Structure formats: C-alpha cells, structure tokens
Amino acid sequence: MENKYPSLSFSLYLHYFGKQSEIIDENGMEYLYNEIQTDIFELCTGLNTCSEIVEKLAVVYNANSKMFDELKTSVMNFIKTQVNKNILVLKDVRESMNNIYGERGKFYPLALSIEVTNKCNFSCPHCYKSALHTGENIDPKVIDYIINNFAGKTRQIQLTGGEPFLNSNISDYIEKLANYFEIRIPTNGSLLWHVDKTTLSKIGFVQISLYGCNEKEYFQFTGNENAFNNLKISISKLNECNVSNILTVILSKKNINRIEEYIITGIKLGAQRIKFGVPTAIGRAEEKANEGIFSLSDEEMRFAYRQMRLLKTKYRNEISVGI
C-alpha cells in the first residue's frame, strides 16, 4: 500500500469548502471532511504514493521522529478507510486525476447558472421568469469573465433562459465553456435539433420540459406550433450524441390523473428519464394562483407520490421515473 498512488474515484469530485472540503458523488450526495482530512485528500491526486503523502504531511505538521509513526498510522488508516468506501482508489502507476475544484480557504460555488437570454418562443402559464418572445441576450464578455475567474474552480455551468437556444451565440458559448466546465442546459427542446452534433456532444446534461402528450396539447399550453414534433427530433439527436437527458413534467389539477400517460409519452419520445414536480409560485405561476390550477392539495400530492412509486417500478426497464 505504501507504494500505491491514491486518487479520488473517477465518478467523484472534491470541492474545497473554505479550509474543509466536500466530496460529491454522481447522485449529488455530499460528504463533508474536516481540515485535517482535507490535507490528506489534497495530496491524493494520483501523483503521490502513500509514503510520499505521509512524508509531505510530516513537513506540514512539523512532526518529529516520535510523532512520525503515529502520523503514518493515522494517515494510512484514513486512506484505507476511504478505499473501502470507494472514495479513493489505489493505482500502481503515477496518473494525475483532475477532479478537484475550488480553491483552498475560499468558497467558490459548486455550480453557476448563467441566463444567456430572457427571450422564449413559448408562453407557458406557469413560467417563473414570465419569459416573453422579446428580450435581451447576455453580453458575450460575461462568458469570458466566467472562464477567466471560475475555470478549474467551479465544476458545472448551467446555461438557462428564457429559451437558451434562442441566443444565436449559444453554440459558441458551449464550445468555449466545455473546455473548462461540465455544461448543463434546461430547455423546451423546440430548437435544440438545429444544433450541430459536434457541439451537442459537448453538453453533459439536458433537461427538457414536457408540456403535453401530443401536438394539440403542446400548442394549447405553449402557443408554439410543431413544438411536440421538434421535441421528438431533439431527443433523438441527443441520444445519437450520447448526451444524458431527462424530461420534466409540471403537475397540475389538469394532468395529475395522467401521470402514466406522460411516462408512456416519454418512452415513445425516447427519453432516458422523466421527473415530475410542482411549479415555483412566482412569475406567471403566481399570477395563476387565484385560478388554482397549479395549487395541489396535500391529498393530491400524496396521490401523485403513490402513483409515481408504482409506475417507477412498472416501467423501470423502459425509463427512469424520478419522484
């Protein structure tokens, strides 16, 4: 073990949180480590053997010969425990792992959300931003600022709207930002199919809103023609590019009894996952509050939860259902 090179498991990443750190797994679970534990993790980059880590920490802590053996035992036990938890892996060769973010002693965000435009080609009644067909795009200088100040420190960038693909520079932004960050994009999916496959392949995750089960429902809800058909083409293109994707459905009194129908629609569209939720009561959703369309009672919420638990199991081999 002393001559092995410990590093974080491939699916995990460490983010400095002041002098401490947190490790985040692929499901978003966070594990907080104290300052001393972070000192050890900081050296577990695949470039130091376990023995070299102990020696470097001995210098940091000014450990004399009497303290060295105790320090070595503590560090080795900690590394062994993290290996058993699949947090660390031990390698036979020196190999750098680039999955540490932030800056020690500072508080950089885990993720940044950038509104690239406040324009939208839909007019959804629950929109928390009250997005319209008219609006403004972000100044391109902001993208350069993000790269210059957050590259290597923040892991994830979310490009939002309005509808982000209404910004004519979106492909350029994806190309530039993907060199430094994991890119996530929430979209209505109506324009995504226009994007070049090479550019699409650089997106890590796409979240697409699902507003109905056919073209007629889509038009009634969004005011956009051909949106449902374009959505299907967009999802197919994402799958061709191996881009992780999920459909999201906003529950209301009008569709709460149609959860299974939406799941079947998601399967037909070729989506990898589907998730159900409720709107935030701001923007146009707040304006609709008096109508009560999006205000679900506790009993309705319990009914939806029970349905989703059953349907999650029923369709587990065809689509992942998120509750």
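Structure: above.
Residues numbered from 1 in each chain as written. Predicted model: local features only at pLDDT ≥ 70, side-chain atom pairs only at ≥ 80, totals over all residues. Heavy atoms only, no water.

1. Considerations on the pairing of strand β3 (residues 20-24)
Looking along a regular strand, one sees side chains alternate from face to face of the sheet.
Alright, step 1. Of all five residues in β3, four are buried, a share of seventy percent or more.
Alright, step 2. By the bridge criterion, five bridges tie strand β2 (residues 13-17) to β3 in an arrangement that is antiparallel. If you follow Leu-14 over to β3, its bridge partner there is Ile-23.
Alright, step 3. The turn joining β2 and β3, which pair antiparallel and follow one another in sequence, is formed by two residues; a positive phi near 70° is taken by Gly-18.
Alright, step 4. In the sheet, β3 pairs with strand β4 (residues 30-33) via four bridges, with the strands oriented antiparallel. Bridged to Glu-22 within β4 is Leu-32.
Alright, step 5. Between the end of β3 and the start of β4, which pair antiparallel, lie five residues, with Gly-28 showing a positive phi angle near 85°. (Buried < 20%, exposed > 50% of the residue type's maximum accessible area, 1.4 Å probe, protein only. Helix = DSSP H or I, 4+ residues; strand = E, 2+ residues; numbered from the N terminus. Pairing = 2+ DSSP bridges.)

2. A short note on the sheet that holds strand β6 (residues 100-101)
Alright, step 1. Here we have four strands laid out as an open sheet, ordered β4-β3-β2-β6, and mixed in their pairing. For this open sheet the edge positions go to β4 and β6, each flanked by a neighbour on one side alone.
Alright, step 2. Taken together, the two bridges between β2 and β6 define a ladder with parallel strand orientation. Bridging across to β6, Leu-14 finds its partner in Ile-100.

3. Section: the packing of helix α9 (residues 259-269) against helix α11 (residues 298-314)
Alright, step 1. α11 packs onto α9 with a crossing angle of 35° between their chain directions and a minimal axis gap of 10 Å. Between α9 and α11 lies a crossing whose hand is right-handed. Taking contact as the criterion, the partners of Ile-259, Glu-260 and Ile-263 in α9 are, on α11, Ala-304, Gln-307, Met-308, Leu-311 and Lys-314. (Axes fitted to C-alpha atoms, helices over the stretch in contact; angles between N-to-C directions. Left-handed = near helix turned anticlockwise from the far one by under 90°. Contact = heavy atoms within 4.5 Å.)

4. Focus: the side chain of Thr-187
Alright, step 1. Among the structural elements, Thr-187 can be located in strand β9 (residues 182-187).
Alright, step 2. Taking relative accessible area as the criterion, Thr-187 reaches 5% and is therefore assigned buried.
Alright, step 3. With residues up to four places along the chain from it excluded, the contact list for Thr-187 reads Glu-163, Phe-165, Leu-192, Val-206, Gln-207, Ile-208 and Ser-209.

5. Topic: α11
Alright, step 1. Between the first and last C-alpha of α11 there are 24 Å, a value that for 17 residues agrees with the 24 Å anticipated at 1.5 Å per step.
Alright, step 2. Burial in α11 covers these residues: Ala-304, Met-308 and Leu-311. Seen end-on, α11 carries its buried residues on one side only, within an arc spanning 75°. Away from the buried face of α11 by more than 90 degrees, exposed residues Asp-298, Arg-309 and Leu-310 are located.
Alright, step 3. Where the residues of α11 are buried, they touch α9, β12 (273-277) and β13 (320-322). (Expected span 1.5 Å × (residues − 1). Arc of directions from axis to C-beta.)

6. Re the sheet that holds strand β8 (residues 156-160)
Alright, step 1. Pairing within the open sheet is parallel, and its seven strands lie in the order β7-β8-β9-β10-β11-β12-β13. Only two strands of the sheet have a single neighbouring strand rather than two, namely β7 (111-115) and β13. On average, each strand axis in the sheet is inclined to that of its neighbour by 20°, with strand direction left out of account.
Alright, step 2. In this structure, β9 lies alongside strand β10 (residues 205-209), joined through four bridges in parallel fashion. Paired with Pro-186 across the strands is Gln-207, a residue of β10.
Alright, step 3. Each of β8 and β9 is contacted by helix α5 (residues 170-177), which is oriented at about 175° to β8, the strand it contacts most.

7. Points about the packing of aromatic side chains
Alright, step 1. A complete count under the given rule lists 12 aromatic pairs for this structure.
Alright, step 2. Arranged with centres 5.2 Å apart and planes meeting at 15°, the rings of Tyr-211 and Phe-221 form a pair that is stacked. With a gap of 10 residues between them, Tyr-211 in the loop between β10 and α7 (215-222) and Phe-221 in helix α7 connect regions that are remote in the sequence.
Alright, step 3. What makes Phe-221 partly exposed here is its relative accessible area of 25%.
Alright, step 4. Within the aromatic cluster, the residues linked to one another by ring pairs are Phe-122, Tyr-211, Tyr-218, Phe-221 and Phe-228.
Alright, step 5. Sitting above the plane of the Phe-205 ring, Arg-184 keeps its charged end 4.5 Å from the centroid. (Phe/Tyr/Trp six-rings, centres within 6.5 Å; stacked < 30°, edge-to-face > 60°. Lys NZ or Arg CZ within 6 Å of the ring centre and 35° of its normal.)

8. A look at the pattern of salt bridges
Alright, step 1. Counted under the stated rule, the structure contains 19 salt bridges.
Alright, step 2. Note that Glu-103 and Lys-106 form a salt bridge whose closest N and O atoms lie 3.3 Å from each other.
Alright, step 3. Two residues, Glu-103 and Lys-153, come together in a salt bridge whose shortest N-O distance is 3.4 Å. Of the two residues, Glu-103 is situated in the loop between β6 and β7 and Lys-153 in the loop between α4 (140-150) and β8; the sequence distance between them amounts to 50 residues.
Alright, step 4. A relative accessible area of 25% places Glu-103 in the partly exposed class.
Alright, step 5. The class of Lys-153 is partly exposed, set by a relative accessible area of 25%. (Salt bridge = Lys/Arg side-chain N within 4 Å of Asp/Glu carboxyl O.)

9. Let's talk about the environment of Cys-124
Alright, step 1. With respect to the helices and strands, Cys-124 occurs in the loop between β7 and α4.
Alright, step 2. Those residues in contact with Cys-124, other than ones at most four positions away along the chain, are Tyr-211, Phe-221, Thr-222 and Arg-284.

10. A look at the nonpolar core
Alright, step 1. Among the nonpolar cores identified, the biggest contains 60 residues, and Leu-159, Leu-177 and Phe-276 are the most heavily contacted of them.
Alright, step 2. When residues of this core are assigned to their parent elements, the largest contribution, five residues, is made by helix α8 (residues 227-240).
Alright, step 3. Apart from the residues within four sequence positions on either side, Phe-276 is in contact with Val-249, Leu-251, Ile-259, Tyr-262, Ile-263, Met-308, Val-321, Gly-322 and Ile-323.
Alright, step 4. Listed in part, the 23 residues of the second largest apolar core include Ile-23, Leu-71, Val-75 and Phe-78. (Core = buried A, V, L, I, M, F, W, Y, C linked by side-chain atoms within 4.5 Å.)

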